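Each chain, letter by letter, is given below.
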Amino acid sequence: MEGQQPSDGELLRAVEDGDSRAFELLYRRYEPWLVARFQYRCPDPGVVDDVVQETFLAVWRGTARYREEQGADAARWLWRIGSRRLVDIQRGHGARQRLTRALGRFRHQEQPSAEDEVLHGIPHGELAHALEKLPAELKAVLQATVVDGLTTAEAARVLRIPAGTVKTRAMRARQRLRKELA
């Protein structure tokens, strides 16, 4: 493979034989293209990265086999592998959301959460007083990200607001708390 660039077929045959250099060349050739294509189908860069990585893992592990004689080009073949992975992830994500909503319906609204009980145990502290002064939307973001430990993306889904809004509200809440506690 010295000198001129190897063809996709040559790279894929070498990858099947365990050639890590061929795999690296294939990855460098198609990773940016796959990322760009998947970004049009999925707004979450983390999911896009996972899909691209899983696509190339399938190639490296040999769980996806390229059939050059079938006339498929490598780009189309990689796209099919990645598209299936993306659909699988999106289906799994949808199932998790449905499960979370279903479990949320079973929670009794009048029963306080464990976090609420702990926060109630600190009735007159400076932090409790500062938290009480925060607007409800800022408290909700702190609850989701700090107490519940959700990521920004998860908090955005739960609160049904954009991720950027979660970040802005968290920043504003921290600023107000610093001001109150100073």
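Residues numbered from 1 in each chain as written. Predicted model: local features only at pLDDT ≥ 70, side-chain atom pairs only at ≥ 80, totals over all residues. Heavy atoms only, no water.

(A) Summary view of the side chain of Asp8. Within the secondary structure, Asp8 sits in helix H1 (residues 8–16). Of the polar contacts made by the side chain of Asp8, one reaches the side chain of Arg29; its length is 2.5 Å. If near-sequence neighbours (up to four positions away) are discounted, Asp8 is found in contact with Arg29, Tyr30 and Ala74. (Helix = DSSP H or I, 4+ residues; strand = E, 2+ residues; numbered from the N terminus. Polar contact = N/O pair within 3.5 Å; in protein donor to acceptor, adjacent residues only side chain to side chain. Contact = heavy atoms within 4.5 Å.)

(B) A look at the nonpolar core. Formed by 27 residues in total, the largest nonpolar core has its most connected members in Phe38, Phe56 and Val59. Of all the elements in the fold, those that place two or more residues in this core are H1, helix H2 (20–41), helix H3 (45–61) and helix H4 (74–106). Take this core: its biggest share by element is eight residues, from H2. The contact partners of Phe56, leaving out residues within four places of it in the chain, are Phe23, Leu26, Tyr27, Tyr30, Glu31, Leu34 and Leu78. (Core = buried A, V, L, I, M, F, W, Y, C linked by side-chain atoms within 4.5 Å. Buried < 20%, exposed > 50% of the residue type's maximum accessible area, 1.4 Å probe, protein only.)

(C) How the structure looks around unusual backbone geometry. Located in the positive-phi region is Arg160, a residue other than glycine, with phi close to 60 degrees. Tracing the backbone shows Arg160 in the loop between helix H8 (152–159) and helix H9 (163–181).

(D) Region of interest: the confidence of the model for the chain. Of all residues in the chain, 75% attain a pLDDT of 70 or more, and the chain-wide mean is 80. When mean pLDDT is compared element by element in the chain, H2 scores highest at 90, while helix H5 (residues 114–120) scores lowest at 60. (pLDDT = per-residue confidence, 0-100.)

(E) Expanded view of the packing of aromatic side chains. Inspection of the entire model under this criterion finds six aromatic pairs. Ring centres of Tyr30 and Trp33 lie 6.2 Å apart, and the angle between their planes is 75 degrees; on these two criteria the pair is classed as edge-to-face. Of the two residues, Tyr30 and Trp33 are both situated in helix H2; the distance of three residues between them amounts to about one turn of the helix. Exposure remark for Trp33: the relative accessible area of 30% places this residue in the partly exposed category. (Phe/Tyr/Trp six-rings, centres within 6.5 Å; stacked < 30°, edge-to-face > 60°.)

(F) Summary view of a negative patch on the surface. A grouping of Asp44, Asp49, Asp50, Glu54 and Asp88 is seen on the molecular surface, where their side chains present a negatively charged patch. A per-element tally of the negative patch places H3 first, with three residues. If you trace the backbone, Asp49 turns up in helix H3. (Patch = residues over 30% accessible without salt bridge, like charges linked within 9 Å, V, L, I, M, F, W, Y side chains within 5 Å. Areas by Shrake-Rupley, 256 points an atom, 1.4 Å probe, with all protein chains shown as cover. Salt bridge = Lys/Arg side-chain N within 4 Å of Asp/Glu carboxyl O. Lys, Arg positive; Asp, Glu negative; His and termini not counted. Charge placed at Lys NZ, Arg CZ, Asp CG, Glu CD.)

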